[in-house]
Amino acid sequence: MNVEVTSLPGIGVRKEFSLTKVDRRIGIVDHRDGGTDLIFTKIGDPDSTVQIPLSAVEARTLASLLGAPQLVAQLREEHRELDGVSTRSMLVPPNSPYASRRLGDTELRTRTRASIVAVLRAGQVLASPGPEFVFAGGDMVVVVGTNAGLDAAASILTDG
């Protein structure tokens, strides 16, 4: 995939690529002040650009939503030969009792026999988080376990 990077003097950097199934380009503007905008443009018509400012939480959540399916698909493929083992991505809601708390505080593995194998935050994959890892609201976690264990893990991360 070819990502076009354009310096925007005094503003920041525009990063975008062409979508294969529609006549559009999609990307982001990274502002010098730390802000992020999502952009969507008709190819060949820069005046058609739709620019949507994102808060830091919104940008992290969008990055996690976009990254989680690929990671989960890869893990599912790796686990497809193992009967009874599933992989699922789950959001840690901003109002979760475990937002701003350590993974170890959840006692998730003991309570569910499911394991968090990765956390997606701000477009970054944090593999194999330890018990000292501190969740942030909006984190997307990738959990491996039985279906019952995954359901229980989702309940814990949402309701405590």
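Look up: the structure comes first, before these words.
Because the structure is a prediction, the values reported are computed rather than measured. (Residues numbered from 1 in each chain as written. Predicted model: local features only at pLDDT ≥ 70, side-chain atom pairs only at ≥ 80, totals over all residues. Heavy atoms only, no water.)

This part is about a nonpolar patch on the surface. Residues Phe-40, Val-50 and Ile-52 make up a contiguous nonpolar surface patch of roughly 230 Å² in combined accessible area. With respect to the secondary-structure elements, Ile-52 resides in strand β5 (residues 45–54). (Patch = residues over 30% accessible without salt bridge, like charges linked within 9 Å, V, L, I, M, F, W, Y side chains within 5 Å. Areas by Shrake-Rupley, 256 points an atom, 1.4 Å probe, with all protein chains shown as cover. Salt bridge = Lys/Arg side-chain N within 4 Å of Asp/Glu carboxyl O. Helix = DSSP H or I, 4+ residues; strand = E, 2+ residues; numbered from the N terminus.)

For the structure on display, the rule yields 1 aromatic pair. Ring plane angle 85 degrees and centroid distance 5.7 Å describe the contact between Phe-133 and Phe-135, whose orientation is recorded as edge-to-face. Residue class for Phe-135 comes out buried when judged on its relative accessible area of 2%. (Phe/Tyr/Trp six-rings, centres within 6.5 Å; stacked < 30°, edge-to-face > 60°. Buried < 20%, exposed > 50% of the residue type's maximum accessible area, 1.4 Å probe, protein only.)

Turning next to the pairing of strand β1 (residues 4–8). Consecutive residues of a regular strand have side chains that alternate between opposite faces of the sheet. The pairing of β1 with strand β2 (residues 12–18) spans 5 bridges and is classified as antiparallel. By the bridge assignment for β2, Glu-4 is matched with Glu-16. The turn joining β1 and β2, which pair antiparallel and follow one another in sequence, is formed by 3 residues; a positive phi near 80 degrees is taken by Gly-10. (Pairing = 2+ DSSP bridges.)

To continue, consider the pattern of salt bridges. Scanning the entire structure with this criterion turns up 8 salt bridges. The salt bridge involving Lys-15 is made with Asp-30; its shortest N-O contact spans 2.9 Å. Here Lys-15, found in strand β2, pairs with Asp-30, found in strand β3 (residues 24–31); they are 15 residues apart in sequence, far enough to count as distant. Assessed through its relative accessible area of 32%, Lys-15 is described here as partly exposed. Taking relative accessible area as the criterion, Asp-30 reaches 25% and is therefore assigned partly exposed. A salt bridge links Asp-151 to Arg-88; the shortest N-O distance between them is 2.8 Å. In this pair, Asp-151 is assigned in helix α4 (residues 147–159) and Arg-88 in strand β6 (residues 86–91), connecting sequence segments 63 residues apart.

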